[in-house]
Amino acid sequence: EAVEAGAAYGMPVVGNGDVLTHYEANNFQELSGCSSVMIGRGALIKPWIFHECRHQSTLTPTAEERVGIYRNLVANMKDHFHDDERGKRSAFYFLPWHFSFFCRYRPLPYDNYGEMAQEHPLIQSTRKIDDELMDLEPLERLLRIENEEAH
């Protein structure tokens, strides 16, 4: 209904809701008919999701590469908020919140999860599809710890 109403007035309709992969964004647009998709938590979990959507591919960065992304975030916050006492307070206000999303990352290639994504949003099922922590490298285990004090 919203898409039809938007079309009648020449207004684009933006879809929103639990998008974590490029193929979920595609499914959302195909099923709803919306002109674009808003990505919120998915971008906090996977900042590279926009690259995936643009290139219609799944990136699976290593734990080391993800640490590099997090380091860039910290550097960008330092540039934005500055390095004085007030800036550090502001950055440290946001960092734990951002880091609480980073631990939710799981690789979700289409071949493994494309069908599941058509049934319900993957962002709601990442805990069900989680790997056994003991089978992961130490850095990967550390990055998946949900306790904010670990980060």
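Our subject is the structure that appears above.
Procedures and definitions
- Residues numbered from 1 in each chain as written.
- Predicted model: local features only at pLDDT ≥ 70, side-chain atom pairs only at ≥ 80, totals over all residues.
- Heavy atoms only, no water.
- Buried < 20%, exposed > 50% of the residue type's maximum accessible area, 1.4 Å probe, protein only.
- Helix = DSSP H or I, 4+ residues; strand = E, 2+ residues; numbered from the N terminus.
- Contact = heavy atoms within 4.5 Å.
- Salt bridge = Lys/Arg side-chain N within 4 Å of Asp/Glu carboxyl O.
- Phe/Tyr/Trp six-rings, centres within 6.5 Å; stacked < 30°, edge-to-face > 60°.

Caption draft 1: Fine view of helix H2 (residues 22-32). Looking only at H2, the buried set comprises His22, Tyr23, Glu24, Ala25 and Asn27. In this fold, the buried residues of H2 make contact with strand E2 (36-38), helix H4 (49-55) and helix H7 (110-119). Glycine 33 occupies a position one or two residues after H2 and carries a positive phi of about 80°.

Caption draft 2: Just the pattern of salt bridges, in detail. Per the counting criterion, the structure on display carries 5 salt bridges. Where aspartate 18 meets arginine 41, a salt bridge forms, and the shortest distance between an N and an O atom there is 2.1 Å. Of this pair, aspartate 18 sits in the loop between strand E1 (14-16) and H2 while arginine 41 sits in helix H3 (residues 41-45), and the two are 23 residues apart along the sequence. With its nearest N and O atoms 2.6 Å apart, the salt bridge here joins lysine 46 to glutamate 52. There is no split in this pair, since lysine 46 and glutamate 52 are both buried. When salt bridges with common partners are traced through the structure, they connect Arg66, Glu140 and Arg144 into a single cluster.

Caption draft 3: Structural context of the packing of aromatic side chains. Using the criterion set out here, one finds 8 aromatic pairs in the structure. An angle of 10° between the planes, with centres 5.7 Å apart, marks the rings of phenylalanine 81 and phenylalanine 94 as stacked. Taken together, the residues span a long stretch of sequence, with phenylalanine 81 in helix H5 (residues 63-81) and phenylalanine 94 in helix H6 (residues 85-102) at a distance of 13 residues. A residue is classified by how much of its surface remains accessible, and phenylalanine 94, at 33% relative accessible area, is partly exposed. Each residue in the set Tyr70, Phe99 and Phe102 is aromatic and connected to the rest through ring pairs, giving one cluster.

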